[in-house]
Amino acid sequence: MFVIAHPDDESMFFSPTINYLTSNVYNLHILCLSTGNADGMGNIRKNELHQACAVLKVPLQQLKVLDHPNLQDGFGQVWNHDLLTEIIEEEVTKHDIHTIITFDNYGVSGHCNHRDVHRGVLTFLLTNSGRHIKAWELVSLNIFRKYCGPVDIWLSILSAKKHPSNVIIINEQPWKSFKAMAQHLSQWVWFRKLFVSFSSYTYTNTLNRIIP
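Note that the coordinates shown come from a computational prediction; the quantities given were computed from them, not determined experimentally.

### Examining the pattern of salt bridges
Line of reasoning, step 1. For the coordinates displayed, the defined rule picks out six salt bridges.
Line of reasoning, step 2. In this structure, Asp 8 and Arg 45 form a salt bridge, with 3.0 Å as the shortest nitrogen-oxygen distance. Linking Asp 8 in the loop between strand E1 (2-4) and helix H1 (9-12) with Arg 45 in helix H3 (residues 42-55), this pair joins segments that are 37 residues apart in sequence. A single burial state applies to Asp 8 and to Arg 45, both of which are buried.
Line of reasoning, step 3. The closest approach of N and O atoms between Arg 119 and Asp 116, which form a salt bridge, is 3.8 Å. Residue Arg 119 and its partner Asp 116 are located together in helix H6 (residues 112-127), separated by three residues, close to a single helical turn.
Line of reasoning, step 4. Taking relative accessible area as the criterion, Arg 119 reaches 27% and is therefore assigned partly exposed.
Line of reasoning, step 5. By relative accessible area, Asp 116 is classed as buried at 5%.
Line of reasoning, step 6. Bridged by salt links that share partners, the residues Asp 8, Arg 45 and Asp 73 form one connected network.

Definitions and limits used
- Numbering of residues starts from 1 in every chain and runs along the sequence as written.
- Under the rules for a predicted model, residues below a pLDDT of 70 receive no local features and side-chain atom pairs below 80 are neither given nor counted, while totals for whole chains, interfaces and linings still include all residues.
- Side-chain numbers here rest on the full set of heavy atoms in the structure, without hydrogens or water.
- What counts as a salt bridge is simple: a side-chain nitrogen of Lys or Arg found within 4 Å of a carboxyl oxygen of Asp or Glu.
- Helix and strand definitions here come from DSSP, where helices need a minimum of 4 consecutive H or I residues and strands a minimum of 2 consecutive E residues; each element is numbered from the N-terminal end.
- For the exposure calls, accessible area comes from a 1.4 Å probe over protein chains only, and a residue counts as buried if that area is under 20% of its type's maximum, exposed if over 50%, partly exposed in between.

Here it is, written out as structure tokens:
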């Protein structure tokens, strides 16, 4: 189960991993903890996420998007970690989830909602240690690697030699990532088009095991 903060996180950051898992017929769920309603377009963004998941071959019945009053999109919004833990635990139990994939403590862009999602997952792991659920975090990259596009495939492979516990996933279908992100029409402005073109996260993901 992917635990993300906003619609478009799956296309902007996690698409290499999603493409890999769907291509290998894994049973994949996505839990999106907000509609991304900071600009009053929550319903639009939710529908766009449905369309993006169709491109990424994620069954819509395995996508859940929340619109909780205490989990609203925004840099000034602090998300309660105990509330996040309750929600994650409910979804894990309901769908018999054994692996979680989410942001790391920096959250790629430093967005506070991304970071709170990480801490919510971490709190869940700490309070459910007996369930032996594995969790992986998407490693945040420095500014150079973040925008070096497909070159980062080689840099990730070299980095993995220094950090053998990391898992490197290469996107064999980057065109699908572009198409998925293009479904987020309300967000598909020029700078995001540049981001998807040059972002390392379009071409590869580095995952690190979360050890609570």
